[in-house]
Amino acid sequence: MESSYVKRSDNGNSTFVQTKSSYSSSSKKTGSIFDREDESTSRQSSLAALERRQAEKKKELMKAQSLPKTSASQARKAMMEKLQKEGGSSNPAASQTTVQRSSSFGVPNANSIKQMLLDWCRAKTRGYEHVDIQNFSSSWSDGMAFCALVHNFFPDAFDYSKLTPQNRRQNFEVAFSSAETLVDCVPLVEVEDMMIMGKKPDAKCVFTYVQSLYNHLRRHELRMRQKEC
């Protein structure tokens, strides 16, 4: 702080003015200011570090989501290969057998389901004349396989011996109507459609209806067994 004063003196005929300045210093409270500055800097650093961690986590999450998912069969195969390497198996044939056997476990695929359904239909229609089930197309084209399948569960529903492969329309009508009446299996394919498709009906259409027929007939079979018990 600056202060000044004026002094007048007479020295003979002359007069002079003397000015003095003095400075007073006041102590600054530097400690409290610097402390506040340090706290502010520390808080900003913490926020910046937190933002960086969040950005890194977000990047890792996006990277994980973009990676291709490994299927269960691939995971099993990788695990088996790892175990074989750690075990040091010296017999390649045994290792191959182990991997192949492990891949058979799990949910059956579409081909295995179709094959199981074909095997079931063959077993239920074995011994029926004019029936040779090999696929879900031409084997069902004349309607005899449908009739044999229904007749196996309901032998009194109609006289199978009077049916012929040449009378396709009648065969479809007998099989579809009997299944709907006896086990409430709604025909998912129309008689007219089967007639139009001829000797090679659409395999998907036939498979869908046969699968529905299987479910209804199996439930009927289980109910009959429960009644017998």
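Description of the structure in this document.

Some remarks on the side chain of S178
When you line up the elements, S178 lands in helix α6 (residues 168-183). When residues no more than four places from it in sequence are discounted, the contact partners of S178 are V150, F158 and V183.

Observations regarding the packing of α6 against helix α8 (residues 203-228)
Two numbers describe how α6 lies on α8: the axes approach to 11 Å, and their chain directions differ by 40 degrees. Between α6 and α8, the angle falls in the class oblique. Here the hand of the crossing between α6 and α8 comes out left-handed. Here A175, F176, A179 and V183 of α6 lie close against α8, whose contacting residues are Y209, L213, H216, L217 and H220. Its residues assigned to classes, the contact of α6 with α8 shows seven nonpolar, two polar and no charged.

Overview of helix α4 (residues 110-125)
Over its 16 residues, α4 runs 23 Å from end to end, which matches the ideal 22 Å to within 8%, given 1.5 Å per residue. Of the positions making up α4, those classed as buried are L117, L118, W120, C121, K124 and T125. Seen end-on, α4 carries its buried residues on one side only, within an arc spanning 160 degrees. Buried residues in α4 make contact with α5 (144-153) and α8. Downstream of α4 by a residue or two, G127 has a phi angle that is positive, lying close to 95 degrees.

So, the pattern of salt bridges
Following the criterion strictly, the structure yields five salt bridges and no others. For R122, the salt bridge identified is with D119, shortest N-O distance 2.7 Å. On the criterion of helical spacing, the pair formed by R122 and D119 is a turn pair, its members being three residues apart in helix α4. Since its relative accessible area comes to 25%, R122 is described here as partly exposed. The exposure class assigned to D119 is partly exposed, which follows from its relative accessible area of 36%. One salt bridge connects R218 with E221, and the closest N-O pair in it is separated by 2.9 Å. Taken together, the positions of R218 and E221, both in helix α8 and three residues apart, correspond to about one turn of that helix.

Notes on the packing of aromatic side chains
Inspection of every chain in the model, using the stated rule, returns eleven aromatic pairs. Note on F146 and F176: the rings are 5.4 Å apart at their centroids and 75 degrees apart in plane angle, and the pair reads as edge-to-face. Of this pair, F146 sits in helix α5 while F176 sits in helix α6; the two residues are 30 residues apart in sequence, bridging distant segments of the chain. For F146, a relative accessible area of 1% translates into the label buried. Put simply, the rings of F136, W140, F146, F172, F176, F207 and Y209 touch in pairs and so form one group of aromatic residues. Lying over the aromatic face of F207, K114 brings its terminal NZ or CZ to 5.5 Å of the ring centre.

Some points on unusual backbone geometry
Negative phi values dominate among residues other than glycine, just as trans dominates among peptide bonds. Notably, H130 is not glycine yet its phi reads approximately 70 degrees, a positive angle. In this fold, H130 is placed in the loop between α4 and α5. Taking the relative accessible area as the measure of exposure, H130 reaches 43% and is therefore partly exposed. One non-glycine residue, D184, lies in the positive phi region at around 60 degrees. With respect to the secondary-structure elements, D184 resides in the loop between α6 and α7 (191-197).

Procedures and definitions
- Along each chain, residues carry numbers from 1 onward, in the same order as the chain's sequence is written.
- The predicted origin of the model limits local features to residues at a pLDDT of at least 70 and limits the giving and counting of side-chain atom pairs to 80 or more, whereas totals for whole chains, interfaces and linings rest on all residues.
- To get the side-chain values, take all heavy atoms of the structure and skip hydrogens and water.
- Under the scheme used here, helices are H or I runs from DSSP no shorter than 4 residues and strands are E runs no shorter than 2 residues, and both carry numbers assigned from the N terminus.
- Whether two residues touch is decided by their heavy atoms; if any such pair falls within 4.5 Å, the residues are in contact.
- The angle between two axes is taken between their N-to-C directions and runs from 0 to 180 degrees, where each axis is a line fitted to C-alpha atoms and a helix contributes only its stretch in contact.
- For classification, angles of less than 35 degrees are called roughly parallel, those exceeding 145 degrees roughly antiparallel, those between 65 and 115 degrees roughly perpendicular, and all remaining angles oblique.
- Put simply, a crossing is left-handed when the front helix is turned counterclockwise from the back one by less than a right angle, and right-handed when it is turned clockwise.
- Each residue receives one of three labels: charged for Asp, Glu, Lys and Arg, nonpolar for Ala, Val, Leu, Ile, Met, Phe, Trp, Tyr, Cys and Pro, and polar for the others, Gly being one of them.
- To estimate the expected span of a helix, count its residues, drop one, and scale the result by 1.5 Å.
- The buried label goes to any residue with under 20% of its type's maximum accessible area, the exposed label to any with over 50%, and the partly exposed label to all in between, with areas taken from a 1.4 Å probe on protein chains only.
- Taken from the helix axis, the directions to the C-beta atoms give the arc we talk about.
- A pairing counts as a salt bridge when a side-chain nitrogen of Lys or Arg comes within 4 Å of a carboxyl oxygen of Asp or Glu.
- Side-chain rings of Phe, Tyr and Trp (the six-membered ring for Trp) are treated as a pair once their centres are within 6.5 Å; stacked means planes under 30 degrees apart, edge-to-face means over 60, and tilted covers the remaining angles.
- Ring-over charges, as used throughout, are those where CZ of Arg or NZ of Lys falls within 6 Å of the ring centre and within 35 degrees of the ring normal.

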